[in-house]
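# A closer look at the structure
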Amino acid sequence: MTDRTIDTKVEQPLVKVENLKRLFPVQRGLFRKATNFIHAVDDVSFSIPAGESLGLVGESGCGKTTTGRILTRLDQPTDGAIYLRDGQEMLNIADIDKDGMKRFRRRVQMIFQDPYESMNPRRTIFDTIAEPLQVQGIGRLPEREERVAELLELVGLTPAPTFMFRYPHELSGGQRQRVAIARALVIDPTFVVADEPTSMLDVSIRISIMDLMLNLANEFGVSYLYITHDLAVARYMCDRIAVMYLGKIVELAETEELLGNPQHPYTRALLSAVPVPDPSYVRPPVEIKGGITKAIDPPPVCRFVDRCPWATDYCRNNEAPPLEEKSSGHFVACHLVEKVS
Amino acid sequence: MTTDLHQSTEEMLAESLWKVRLKLAWRSFRKGWASFVENRIGLLGLGIIALYGLMALAHPILLDTVWDPRVYDPIIGYDAPATIKTIVPDGQVTDPETQVSLLEARLINPILKVGETLEIREQPASPSRKHLLGTDPLGRDVLSQLMFSTRAAFLLGVVASLVTVFIATTVGSVSAFFGGLIDTFFMRLADLILLVPFLPLLIVLSALFQFGLLHLALMIGILGGFGGTAIILKSQALSISVKPFIDAARIAGGGKMHLIFRHIIPNVLPLSFLYMMFSVTDAISIEATLSFLGLLNIDMSWGIMIYQASVQGYLLSGTKYWWLLMPAGLSVTLLAGSFFLVGRAMDEIINPRLRKR
Amino acid sequence: MEHILEVNDLTMHYTVKEGEVMAVDDVSFALGRGEALGLVGESGCGKTSVAMSLIRLLADNAEIQKGSIVLDGVDLVPLVEEEMRTHRWADISMVFQGAMNAWNPVYKVGDQIWEAMQTHFPLMTESEARERIAELFRLVGLNPAMMDRYPHEFSGGMRQRAIIAMALSCNPKVIIADEPTTALDVIVQDQILKELKKIQQELGMSIIYISHDVAVIAEVSDRIGVMYAGKLVELGPTDEVFPRPRHPYAYLLLASTPSVKGPRRKLAPLEGEPPNLLHPPAGCRFHPRCPFATEVCATDEPPYTEVDEGHIVACWNWEQVPELGRLEA
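Residues numbered from 1 in each chain as written. Chains lettered and ligands numbered in written order. Predicted model: local features only at pLDDT ≥ 70, side-chain atom pairs only at ≥ 80, totals over all residues. Heavy atoms only, no water.

### Details of the overall build of chain A
- Along the backbone of chain A there are 12 helices and 12 strands.
- Against the 2.2 N^0.38 benchmark of 20 Å for 341 residues, chain A shows a C-alpha radius of gyration of 21 Å, consistent with a compact globule.
- Relative to its full complement of 341 residues, chain A shows a buried share of 59%.
- By sequence separation, contacts in chain A at least 24 residues apart represent 64% of the contacts at least 6 residues apart.
- In the structure as shown, chain A presents an accessible area of about 13,700 Å², 47% of it carried by carbon and sulfur atoms.
- Both charge centroids of chain A, one from 40 positive and one from 46 negative side chains, sit 6 Å from each other. (Helix = DSSP H or I, 4+ residues; strand = E, 2+ residues; numbered from the N terminus. Rg over C-alpha atoms; globule rule 2.2 N^0.38 Å. Buried < 20%, exposed > 50% of the residue type's maximum accessible area, 1.4 Å probe, protein only. Contact = heavy atoms within 4.5 Å. Areas by Shrake-Rupley, 256 points an atom, 1.4 Å probe, with all protein chains shown as cover. Lys, Arg positive; Asp, Glu negative; His and termini not counted. Charge placed at Lys NZ, Arg CZ, Asp CG, Glu CD.)

### Considering the pairing of strand S6 (residues 108–111) of chain A
Residue and element names in this part refer to chain A.
- Side-chain alternation along S6 places Val-108 and Met-110 on one buried face and Gln-109 and Ile-111 on a second face that is also buried.
- For S6 and strand S7 (residues 191–195), the ladder comprises four bridges, and the chain directions are parallel. What sits directly across from Val-108, in S7, is Phe-191. (Pairing = 2+ DSSP bridges.)

### A closer look at helix H4 (residues 141–154) of chain A
Residues and elements named next belong to chain A.
- Helix length check: H4, at 14 residues, gives a terminal C-alpha distance of 20 Å against a target of 20 Å (1.5 Å per residue), a fit within 8%.
- Of the positions making up H4, those classed as buried are Arg-144, Glu-145, Arg-147, Val-148, Leu-151 and Leu-152. Buried positions in H4, seen along its axis, are confined to an arc of 165 degrees and lie on one side of it. Residues of H4 that are exposed and point more than 90 degrees away from the buried face comprise Pro-142 and Glu-146.
- At the exit of H4 stands Gly-156, carrying a positive phi of roughly 85 degrees. (Expected span 1.5 Å × (residues − 1). Arc of directions from axis to C-beta.)

### Regarding the domain arrangement of chain B
- Split into domains, chain B comes out as domain 1 (40–60 + 140–350) and domain 2 (82–121).
- Distance from the C-alpha centre of domain 1 of chain B to the C-alpha centre of domain 2 of chain B: 52 Å. (Domains from an automatic or database assignment.)

### A closer look at a nonpolar patch on the surface
Residues and elements named next belong to chain B.
- A cluster of nonpolar side chains, Trp-26, Phe-29, Trp-33 and Leu-46, forms an exposed patch at the surface whose accessible area comes to about 430 Å².
- Considering every element that reaches the nonpolar patch, the biggest residue donor is helix H2 (residues 17–38), with three residues.
- Relative to the helices and strands, Trp-33 resides in helix H2. (Patch = residues over 30% accessible without salt bridge, like charges linked within 9 Å, V, L, I, M, F, W, Y side chains within 5 Å. Salt bridge = Lys/Arg side-chain N within 4 Å of Asp/Glu carboxyl O.)

### A few points about the interface of chain A and chain C
- Taken together, the contacts link 40 residues of chain A with 39 residues of chain C.
- The largest contributions to the chain A side of the interface with chain C come from A:Arg235, A:Pro277 and A:Pro279, which together make up 18% of the buried area.
- Here C:Asp190 and A:Arg283 are joined by a salt bridge, their closest N and O atoms 2.7 Å apart.
- Linking chain A with chain C are nine residue pairs in polar contact (both at pLDDT 80 or more), by the criterion used here.
- Residue assignment for the side of chain A that touches chain C shows that the elements contributing at least two residues are helix H6 (173–185), helix H7 (203–220), helix H8 (231–237), helix H9 (255–260) and helix H10 (265–273) of chain A.
- It is H7(A) that contributes the most residues to the side of chain A that touches chain C, seven residues altogether.
- Tallied by class, residues from the side of chain A that touches chain C come to 22 nonpolar, nine polar and nine charged. (Buried area = accessible area lost by both parts, 1.4 Å probe. Polar contact = N/O pair within 3.5 Å; in protein donor to acceptor, adjacent residues only side chain to side chain. Nonpolar A, V, L, I, M, F, W, Y, C, P; charged D, E, K, R; others polar.)

### Focus on the packing of aromatic side chains
- In total, this model carries 20 aromatic pairs over all chains according to the counting rule given.
- With a centroid separation of 5.8 Å and 45 degrees between ring planes, the pair formed by A:Phe126 and A:Phe165 is classed as tilted. Placement of the pair is A:Phe126 in helix H3 (residues 125–135) and A:Phe165 in the loop between helix H5 (160–164) and H6, with a sequence separation of 39 residues.
- With a relative accessible area of 3%, A:Phe126 lands in the buried category.
- By relative accessible area, A:Phe165 is classed as buried at 3%.
- Centroid distance B:Trp67 to B:Tyr72: 4.8 Å. Interplanar angle 15 degrees. Geometry classified as stacked. Accessibility assignment for this pair places B:Trp67 and B:Tyr72 in one class, buried.
- Taken together, the ring pairs in this structure connect A:Tyr245, A:Tyr266 and A:Phe304 into an aromatic cluster.
- Across the ring face of A:Phe163, the terminal group of A:Arg166 is positioned such that the distance to the ring centre comes to 4.8 Å. (Phe/Tyr/Trp six-rings, centres within 6.5 Å; stacked < 30°, edge-to-face > 60°. Lys NZ or Arg CZ within 6 Å of the ring centre and 35° of its normal.)

### Here we look at the confidence of the model for chain B
Residues and elements named next belong to chain B.
- For chain B, the average pLDDT comes to 83, and 93% of its residues sit at 70 or higher.
- Taken element by element, the predicted model of chain B shows its lowest mean pLDDT in helix H1 (residues 2–14) (47) and its highest in helix H11 (residues 244–251) (94).
- Scored below 50 in pLDDT, residues 1–8 makes five contacts in the model with residues more than four places away or belonging to other chains. (pLDDT = per-residue confidence, 0-100.)

### A word on the confidence of the model for chain A
- Mean pLDDT over chain A stands at 88; residues scoring 70 or higher make up 94%.
- With pLDDT under 50 throughout, residues 1–10 of chain A is counted as low confidence; its partners more than four residues away or in other chains account for 16 contacts.

### Comments concerning the pairing of strand S8 (residues 223–228) of chain A
Residues and elements named next belong to chain A.
- In terms of burial, S8 is largely enclosed, as six of its six residues are buried.
- Residues of S8 alternate between two faces, with Ser-223, Leu-225 and Ile-227 on one and Tyr-224, Tyr-226 and Thr-228 on the opposite face, all of them buried.
- In this sheet, S8 lies alongside S7 in parallel orientation, the contact comprising five bridges. Bridge assignment links Ala-194 to a residue of S8, and that residue is Tyr-226.
- You can see the chain leave S7, run along H7 and come back into S8, and the turn it takes is right-handed. (Right-handed = clockwise from strand over helix to strand, strands pointing away.)

### As for the pattern of salt bridges
- Tallied over the full model, the rule gives 45 salt bridges over all chains.
- Linking A:Glu117 and B:Lys243 is a salt bridge whose minimum nitrogen-to-oxygen distance equals 3.7 Å. Placement of A:Glu117 in the loop between S6 and H3 and of B:Lys243 in the loop between helix H10 (228–241) and H11 is noted, with the two residues assigned to different chains.
- A:Glu117 sits in the partly exposed class, given a relative accessible area of 29%.
- One salt-bridge network, in which partners are shared between bridges, spans C:Glu2, C:Arg33, C:Asp72, C:Asp91 and C:Lys173.

### With respect to the sheet that holds strand S12 (residues 330–332) of chain A
All names here are of chain A.
- Here we have eight strands laid out as an open sheet, ordered S6-S7-S8-S3-S9-S10-S12-S11, and mixed in their pairing. Looking at strand neighbours, the two that pair on one side only are S6 and strand S11 (324–327), the edges of this open sheet. Neighbour to neighbour, the strand axes of the sheet diverge by 25 degrees on average, direction disregarded.
- Two elements, strand S3 (residues 54–57) and S8, share four bridges in a ladder whose sense is parallel. Across the sheet, the residue bridging to Gly-55 is Tyr-226, located in S8.
- Sitting on the sheet, helix H2 (residues 98–107) is in contact with S6 and S7, with an inclination near 50 degrees to S6.
- Packing of H10 onto the sheet brings it into contact with S3, strand S9 (240–245) and strand S10 (248–254), and relative to S9 it is tilted by some 105 degrees. (Axes fitted to C-alpha atoms, helices over the stretch in contact; angles between N-to-C directions.)

### Here we look at the sheet that holds strand S3 (residues 36–40) of chain C
Residue and element names in this part refer to chain C.
- A sheet is described by the order of its strands in space; here eight strands give the open sequence S6-S7-S8-S3-S9-S10-S12-S11, paired in mixed fashion. Each end of this open sheet is capped by a strand with a single partner; those strands are strand S6 (92–95) and strand S11 (304–308). Averaged over all pairs of adjacent strands, the angle between strand axes in this sheet comes to 20 degrees, irrespective of strand direction.
- By the bridge criterion, four bridges tie S6 to strand S7 (residues 174–178) in an arrangement that is parallel. Among the inter-strand pairings, Val-95 is bridged to a residue of S7, identified as Ala-177.
- Sitting on the sheet, helix H9 (residues 248–255) touches S3, strand S9 (223–228) and strand S10 (231–237), and the angle it makes with S9 is about 105 degrees.

### Some details on the nonpolar core
- In this structure, B:Trp302, B:Leu335 and B:Phe339 are the most contacted members of the largest nonpolar core, which totals 80 residues.
- Of the residues forming this core, the biggest block, 16 residues, is contributed by helix H6 (residues 142–178) of chain B.
- Look past the residues within four positions of B:Trp302 in its chain and what remains in contact with it is B:Tyr52, B:Leu146, B:Ser149, B:Thr150, B:Ala153, B:Ala328, B:Ser331, B:Val332 and B:Leu335.
- By size, the runner-up hydrophobic cluster in this structure holds 66 residues, among which are C:Ala36, C:Leu184, C:Leu252 and C:Cys290. (Core = buried A, V, L, I, M, F, W, Y, C linked by side-chain atoms within 4.5 Å.)

What follows is the structure in structure tokens.
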């Protein structure tokens, strides 16, 4: 098991995910037992050092959101281990007791994609932001009020008292996402999962929200797992990027290394498919064919083999390539890396 | 508008939190009221309910002050207004108000003769100044009965609908949240209740157990609460329990009870309140039906009034004895209908699909 | 260049309970034959309202106040609905935002396209129609055999291709593509955009692209129009506007777009939020958010200035706006 874990240079990462798996049964008929499974997340391993942010990038259905939900324990892994540093200890959050869960909830928070649906319409902004404090019994009411006011100032909703007792529907999408950030940071977490937090916002507002997240992360030493389909956004937000395809991480590297020197055929295709806001730039052609499918009981070979322009018989007949370090800090899961580059 | 809001929230912060919440509740109530008032139908319904409410309140006061209980008590009062009529030969009645034929007079007293006078006690008596809606076949004032029964109707409606909504909201939210066996159990139970016809079941039960008003209210409430209303509120709770804000609350560390009571139920409540209106309608009409069939062990209600008219043989008498049937019948229709109208108007506020704007 | 479509002073209002929403205000542009024009802006800037006015699919509370829409010599604005119907789809058609989810699930895709064609080609026989649809399918990169399949058998990208085939079915002179790839993954988006570009070049089609995504517009359009709060604030050749936007809003919009290419740079945030079009700000509508605003901006509406040939901008201080430069510098 340990030989498969990556990032040996990081002594004690903040988050360490080992061989994470999540299978969803495909229901066929009411009473029949499920015999087929969607491999939403399949043998995923990575780690995040404290203070660093990792981008999880992929197309819809690649398992990035499921991974995020498991890391916040909204969903349970079928198999694998997830460690979160809590002081000197590493909590295993894949298998956690009630007491551990309490500690876990103080450390990990989440920012959701939809600023309209992620807040209870019947609770005020104060109730929404103070909720983690309230349910975890942190502080008395005046202290909570003070803390919420402080956070509202931090996320730029000033003057704070004018926002505290409004309802979500009285705020714009950008303002709500600021509230969501305030809620995520109210209990001083060390790790925040952000699931496409800007994809539903207007272009002009996105940057200010992303800047806010970056500034607060620096100030409070928060690490993000930043889930997005947009490589350009991931580039802006993250220190390292992991590219997922059908439940597997196919490539993981420092952001500029990954974008400047993509190794996996899928990463290359994904990268050359992203439109560039400069009409004089001519993108290289996207070399893959077909569309994304669902990973229902996939054969044990490389998941990308049907769409890969370079696939050989070796790829079709041998077990899926493991995620291996090809150069310092650059991990790729492909049999043919040398040939492709 | 916005500056207004700013000022008021700033002031709010200086106050204690419960006062703020009260103010917020008041603000949202005012908003809801503003859109409710736009809907004439709802306002009409509310007007009718208020009218009946006034009647219910006025009844005990009237009995204490202007109405003599011996005459006007809705259950044990008695009055048969007497008219003096002259006996005329058969077939020569020219004015039925003051004259009576010999034949008819001798049915009452066989020794009477033409030219003598006869005191006829009317029972039921038609409306007069003393009895605005006449008296019933037992000589009791119909208006007094009508007003007295209003209280019963309200009590029944409120208790039944409160019980319905309390049960249905809890059952619906709990089934939606937990799913699995709990959900299956409650939903099959609801199906079972829906499967058994409501009214015949109540008829059998009331025949067996001598139902009073409160028993009936509880029975309707329980059957309604575990029945159809639970299914409707469950589907609402289900649509809420999959929203991201539930996940957000979970990540905040909220336990099951926190999620159900702070997040799901507050969002189901508006719909619950709506179905409360509809279940008042149901309760009132069910009571009327059961009373009409003589299956309830209660002294007086609109249903009993119609039942009395019926057992005394006035049910099919057409319009001649209209005051025995019409006031009670109309009241059942109006009050039940007005709760329905209020429900419809609320539906337009609560249900965004129906909202015009 | 010969113009296929000329829009002059188009003004469109929505009437709501609180008053008039000035969704499109004095918008003028022309579309050359075979040209691709991109309209870019945030949600609520009026870009979709322009499209809906062009094809005249307006909500009941919307009204074109003034202006003309001259399509191939015919002004569409005074036409009544009956007359408009002969032009819609046949002369000007549209790929709607999210239209790929609007297929009726119970009919075959080919039949749905045929139904759309029947209004304009009532005499077409079934075999002619099938041939035409097969041709359209090949054009958009779909297997013609797919016409006898149901929508659920299509992937998202294929459904969008079929929508484009339907928009092309009556040989329109102008196609409006409103966010044609917004809900699609990047690789599929790339395929669709390439397909559209190929069709445009092969058929000499004139296309108006509408998108919030600056990068998409940069790739597909010859000219770009930037809209803000119902106004067209800048219009010019894409090659000129991108390295050197003259309107502060266009500048900030481009400067705040992250990219996977070029140096990793700090992006410029746009402070504030777009105005409520019930009560738009006086003067220039962008002045409350504009870092270059001066006193005149708050009082007087800026006129259009031709800063270069075919490059116009509505700003008092356009000379202050710095150069953005190319990514590959």
